[in-house]
Each structure stands twice: as structure tokens, then as C-alpha cells.
Number of protein chains: 2
Amino acid sequence: MTESGKPILYSYFRSSCSWRVRIALALKGIDYETVPINLIKDGGQQFSKDFQALNPMKQVPALKIDGITIHQSLAIIEYLEETRPTPRLLPQDPKKRASVRMISDLIAGGIQPLQNLSVLKQVREEMQLTWAQNAITSGFNALEQILQSTAGIYCVGDEVSLFLYYRFKVDLTPYPTISSINKRLLVLEAFQVSHPCRQPDTPTELRA
Amino acid sequence: MTESGKPILYSYFRSSCSWRVRIALALKGIDYETVPINLIKDGGQQFSKDFQALNPMKQVPALKIDGITIHQSLAIIEYLEETRPTPRLLPQDPKKRASVRMISDLIAGGIQPLQNLSVLKQVREEMQLTWAQNAITSGFNALEQILQSTAGIYCVGDEVSLFLYYRFKVDLTPYPTISSINKRLLVLEAFQVSHPCRQPDTPTELRA
């Protein structure tokens, strides 16, 4: 926390996992300060000694809050939910909570890790785009099918519980449910203020 | 659930994520039936039409319980914890709960997805072992450092909260904390009965 007691978010503007935490902070109205960690500049600022001491996984996001440092975006959001329950990000019904967590884990554990920069670097350069798109496509095929039975206005019923995202320009036409939920989320204020194009470390040419 | 009302676990004996759920079921004393899904036989039984209808991600584990089907091992365990709280698998203190979830997500989201069969298949065959070992090594380097500050007898303090595992014969010498927690867990009854070498679908030559 800062001297003023505000939580500190270590974040990279275009990191999807950082964005997920920014959305949760915005939805819950938690004031925080951003410390930008540029994953590309200086060979990757996440590899600095200082940052490694903070998060040995050398990944963003990390959140300093209440005297502890938490990393892993879903662990951070669960902590915020337990300590700042209003407005809630998980439904009250345990079965619906299970659906939210299943969908979040599918995205955060089944899709994103495969398209992380550190993983893509291990794939031959000419194969990287295909690799990332394969990961997204196979995940989205599953997700579309799951959402058809869980979704209301948002992923699980009519309450906002998590956010969807896409990178690497995957065509969303085959995924009407994902696509329409995504559109409904992106207009919400919490998604707007936390958007990659509107962060303290967003380069001028990408700002909007 | 079966006609007798027992939950059904779709499981593969050597899948680490299936084992994680088997451990949780055993720790909580929940009686269940196993439906083995062989990830290799018949080109992978997870690709069958029937199983895909159950889990569009085509992965084990999946648990049919209380009239719903949950996949993603950590989502399953969180559901069990919320609906069958005794004995608890998460500490009471929110900060310690955050540590448990951070460590679980690091393993389930930061290490395991990179060494899944479906991912390894996309890597050139002669590189597969190195790829898997790289994923484990970089995850374990971080985990060892984190556990040094969170661990008591087990990962977070002195209560069992999750399980560690290793495959692909990674040398654990550089990871004394991981190694000793692992040893302490493996002797527990819940870890013994759920062990890959003791499942209904364990081939005779691997039984112990």
C-alpha cells in the first residue's frame, strides 16, 4: 500500500490478466495506484530483481493490499470479494458460483497461459500466431457451448461476474454468445476506465 | 449422480487434475463413483461425442454432483468447499485463503496447462520433454520462493489445503520446501487412496 493506504496494482496496460483485476477494482469502487511494469521494455521489467522479490512468477498483475501482496488474477479477485463483498462479483447460489469459477478457470487456466509472451517465445516465430489462435479457438469452442446454457445478460445469469476478452484478432462470428456478452460488458463504466487504451502506461499512439 | 445419488467423477488415473479432485473428495469423505476416461485409448475418449456434451473442453476431471456437472479442478474443489465445508480445505483467514488460491492458481494455471497432452502434441516430439520440464522448473522456482514464506507443515500454515505434484521426473533437490511438503502429503490417507497407482482404471502393471 502507499503511505496514504491505497492498494498498489502492478500492471501492464495490455495484459488481459491485469485488465481483469482493474475491472474488479473498478466494479468495487476501490481506489488504487498503478505501478506500470512494462513486459517488453528493458528486456521485460518483470525480470527485475525488485519485481521478482514481489512476484517470483515474474508476471503481472500483483496487488499490494492490506499488508500482503497477492498475484494470480483470480486469487486477487477472490480476495477482494471476500474482504470487500459489495457489489458482489460472484452470485449467491453455490451452483452459479461454480459456473462462474468454471468459466473463469477455463479462460485463465485453459486459454491465457498458452498465449503468454513467455510461452510464445518458446514457439518458432512463424508459428506463434497460429499457436495463439489455436489456443483461443479451442477454448472459445468450449466456452460458447457452456455459455449457451449459463448465460443471461452476462456469462452466468444477469449479473456481471467476469470479463471476456480476445486478442490476436480471432474472428468472433462463430461465437455469437461470447460476442454479444463481450459487447454488453465493454460499454460498462468499470470496463471503460480499466481499458488497456486508458491506462497510465498506455503509449500515446494507442490511447483512446 | 448415480441412481443411488452418488456423485460421479470422470477421471483418468494419471491425470494430476483428476488426482487433485480425488484428494478433495477423499479428505471430505465424499463417496463417489469413478467413470474412467482414457486420454490415450481410442484416440482419446475425451473426444467422444458423449463426453464432449458433458465437458466441451474435452478434459478430465468433470464431476456430476447435486444435479450439475462441474469441470476445472479448482472450481470443483471450491464448490465442494462451499457445499460440504467440513473438514475445510481453505483456511478461515482471508489472507491465508489468498495464499492458498495464489499457489493453486500458480500450479493449475501457470504450470499444468503447459504440460497438458493436447499442448505437448503441438510441440515437436524431440522437444516435448524439455518443454514440459521448462514449464515445471520456472513454476517451481517461483513456488519454492513463495512457500518459504507461507509454509508450515503444509503449503500455507499447518492445514492441508492443496496438493503438490510432479511429473516428467523433475529433480526436486533445488526445491527443499516443495519436496518436504510433498513427502508429508503423500503419506496422508486421502492422498494414498486417490493415488494414480490405485484407481479403478490403473493398468495392472502400474498398480501398487
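What counts as what
- Residue numbers restart at each chain and count upward from 1, following the sequence in its written direction.
- Labels are handed out in written order, letters beginning with A for the chains and numbers beginning with 1 for the ligands.
- In keeping with the predicted nature of the model, local features appear solely for residues at pLDDT of at least 70, side-chain atom pairs appear and are counted solely at 80 or more, and the whole-chain, interface and lining totals rest on all residues.
- To obtain the side-chain values, all non-hydrogen atoms of the structure were used and water was disregarded.
- A least-squares fit on C-alpha atoms brings the copies together, and the residues used are those whose pLDDT is at least 70 in both copies.
- Either an automatic procedure or a domain database provided the assignment from which the domain bounds are taken.
- Pairs of residues are marked as contacts when any of their non-hydrogen atoms sit within 4.5 Å.
- By buried area we mean how much accessible surface two parts lose on assembly, using a 1.4 Å probe and totalling the loss over both.
- One speaks of a salt bridge when a side-chain nitrogen belonging to Lys or Arg is within 4 Å of a carboxyl oxygen belonging to Asp or Glu.
- Polar contacts here mean pairs of N or O atoms no more than 3.5 Å apart (in protein, one a potential hydrogen donor and the other a potential acceptor; neighbouring residues in sequence count only if both atoms are side-chain atoms).
- Working definition: helices are DSSP H or I runs of at least four residues, strands are E runs of at least two. Numbering for both runs from the N terminus.
- When residues are grouped by polarity, Ala, Val, Leu, Ile, Met, Phe, Trp, Tyr, Cys and Pro land in nonpolar, Asp, Glu, Lys and Arg in charged, and all others, Gly among them, in polar.
- In this description, strands pair whenever DSSP reports at least two bridges between them.

1. Observations regarding the relation of the copies chain A and chain B
Between the two copies, chain A and chain B, the superposition gives an RMSD of 0.0 Å; the rotation angle is 180° and the shift along the axis is 0.0 Å. Taken together, the rotation angle and the small translation identify this as a two-fold axis. For chain A, the smallest separation between a C-alpha atom and the rotation axis is recorded for G109 of chain A, amounting to 2.1 Å.

2. Notes on the domain arrangement of chain A
All names here are of chain A. What the domain assignment reports for chain A is domain 1 (8–87) and domain 2 (94–191). Each partner contributes residues to the interface: domain 1 has 13 residues there, and domain 2 has 15 residues. Around 1,300 Å² of area is buried between domain 1 and domain 2 when both sides are counted, 63% of it from carbon and sulfur atoms. Here domain 1 is connected to domain 2 by one salt bridge. The salt bridge partner of R101 is E78, with a shortest N-O separation of 2.7 Å. Taken together, domain 1 and domain 2 are joined by two residue pairs in polar contact (both at pLDDT 80 or more). Only helix 1 (16–27) and helix 3 (73–83) provide two or more residues apiece to the side of domain 1 that touches domain 2. No other element matches the seven residues that helix 1 contributes to the side of domain 1 that touches domain 2. Split by residue class, the side of domain 1 that touches domain 2 holds eight nonpolar, two polar and three charged.

3. Thoughts on the pairing of strand 3 (residues 62–65) of chain A
All names here are of chain A. Where strand 1 (residues 8–11) and strand 3 come together, three bridges link them in antiparallel fashion. Within strand 3, the position partnered with I8 by the bridge is K64. As defined by bridge partners, strand 3 adjoins strand 4 (residues 68–71) across four bridges and the pair is classed as antiparallel. When the sheet's bridge partners are listed, L63 is paired in strand 4 with I70.

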